[in-house]
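Residues per chain, in single letters:
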Amino acid sequence: MKSILFYLILLLFPSWLFAGGPWTPGKKHGFLQIQATFPAVPYKQLYVSSGNNLELNRGVTDISIQAFLEYGISEKFSLVTALPFKTVSTNNDINLDSEFPLLPQGSLSGLGNYELALKYKFLDKSFISAFSVKAEFNTGSRDLEKGLATGYDATGYSAYWHIGRSFGPKFYSFFESGYTLRTNDFSDDYRMLLETGYQAANNLWLALVFDLRQSLRNGNYDDTNLQQTGLYTNNQEFFAFGIKTSYELKNKFGFSASTFGAFSGNYVAYSATFNVGIFMKW
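Basis of the calculations
Residues numbered from 1 in each chain as written. Predicted model: local features only at pLDDT ≥ 70, side-chain atom pairs only at ≥ 80, totals over all residues. Heavy atoms only, no water. pLDDT = per-residue confidence, 0-100. Contact = heavy atoms within 4.5 Å. Phe/Tyr/Trp six-rings, centres within 6.5 Å; stacked < 30°, edge-to-face > 60°. Helix = DSSP H or I, 4+ residues; strand = E, 2+ residues; numbered from the N terminus. Buried < 20%, exposed > 50% of the residue type's maximum accessible area, 1.4 Å probe, protein only. Polar contact = N/O pair within 3.5 Å; in protein donor to acceptor, adjacent residues only side chain to side chain. Salt bridge = Lys/Arg side-chain N within 4 Å of Asp/Glu carboxyl O.

1. Describing the confidence of the model for the protein chain
The predicted model of the protein chain averages 89 in pLDDT, with 93% of residues at 70 or higher. In the model, residues 1-18 has pLDDT below 50 throughout and makes 85 contacts with residues more than four positions away in sequence or in other chains.

Next up, the structure:
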């Protein structure tokens with residue numbers, strides 16, 4: 001239904017309930033997750049800030065597999081890193097209603113933007129608060145003739161503030177706010193995220209997420225061909241919602257799943273997506 005927009009978002013937070021927010025795992029403790037994101041069908045439209053959907057001349061498929069690690073350097077410091085591998089492609093079906101000139105069909109595989117962050121928990125009372133800094137490296141691949149990319153053609157530097165609280169053993173909530181400075185004439189952006197989770201049954205957690213990313217539109221990177229696929233274009237933004245779930249086994253292994261939709265967006269894909277993962281804690 002067009003009243004509900006599902007699209008692929010390259011998430012920096014995984015589906016585990018506390019791999020995000022102000023919590024840190026503790027010294028020599030950690031969390032590792034492998035997550036796959038894939039669309040239900042190739043997307044053929046982009047949602048843009050004007051409120052109109054852009055018709056693409058070819059269907060686009062974007063599949064990701066991401067490894068995420070958070071490791072406690074001390075009780076207050078943690079190292080966070082994420083390495084995505086992506087396969088993107090356009091198909092042979094041609095949409096004659098598209099306003100874009102026709103690009104060649106093709107596919108591309110490679111790393112996305114590798115991420116490395118440090119988080120410091122400076123408040124640990126009834127409310128927990130932390131500060132983090134993150135770098136996103138320009139490790140993606142591009143085939144601009146076909147409008148394909150596996151990551152932003154830029155390096156990003158971010159600073160985040162996190163605050164949250166557990167309300168008993170079965171309920172938690174946290175808020176994050178951050179700013180990202182991007183190189184190579186990409187626009188900067190700011191981001192806010194609110195997540196609330198509930199333990200629905202033994203070892204089964206459910207969470208509701210609201211996620212805002214807003215471009216400052218202060219960069220002029222030329223990405224005309226990428227606008228025909230919605231793959232890592234400049235000025236991408238969204239106001240999204242999501243549902244996440246995770247189930248932990250007794251041996252510290254577990255499974256996660258999530259899906260996301262949007263209230264609005266700019267140059268993001270109009271397509272249902274699924275996210276599934278496995279994780280381990282120690």
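Structure shown, so let's carry the discussion forward.
2. Structural notes on the packing of aromatic side chains
Summed over all chains, the structure comprises 17 aromatic pairs. On the basis of an interplanar angle of 70 degrees and a centroid distance of 6.3 Å, the ring pair of W161 and F175 is categorised as edge-to-face. Taken as a pair, W161 in strand β10 (residues 156-166) and F175 in strand β11 (residues 171-182) lie far apart in primary sequence, 14 residues in all. Seen from their ring centres, Y172 and F174 are 6.3 Å apart, and the 15 degrees between their planes marks the pair as stacked. A single burial state applies to Y172 and to F174, both of which are buried.

3. Overview of the side chain of T180
Structurally, T180 can be placed in strand β11. In terms of polar contacts, T180 uses its side chain to reach the side chain of S158, at 2.6 Å. The contact partners of T180, leaving out residues within four places of it in the chain, are E136, G156, Y157, S158, Y160, D188 and D189.

4. Points about the pattern of salt bridges
Per the counting criterion, the structure on display carries 13 salt bridges. Residues R142 and D153 are paired through a salt bridge, measuring 3.4 Å at the closest nitrogen-oxygen approach. Here D153 lies in the loop between β9 (148-149) and β10 and R142 lies in strand β8 (residues 142-143), a separation of 11 residues in the sequence. For R142, a relative accessible area of 29% puts it in the partly exposed group. R217 is the salt-bridge partner of E237, the closest N and O atoms lying 2.8 Å from each other. You can see E237 sitting in strand β14 (residues 237-248) and its partner R217 sitting in the loop between β13 (204-215) and β14, a full 20 residues away along the chain. Its relative accessible area of 8% is what places E237 among the buried residues.

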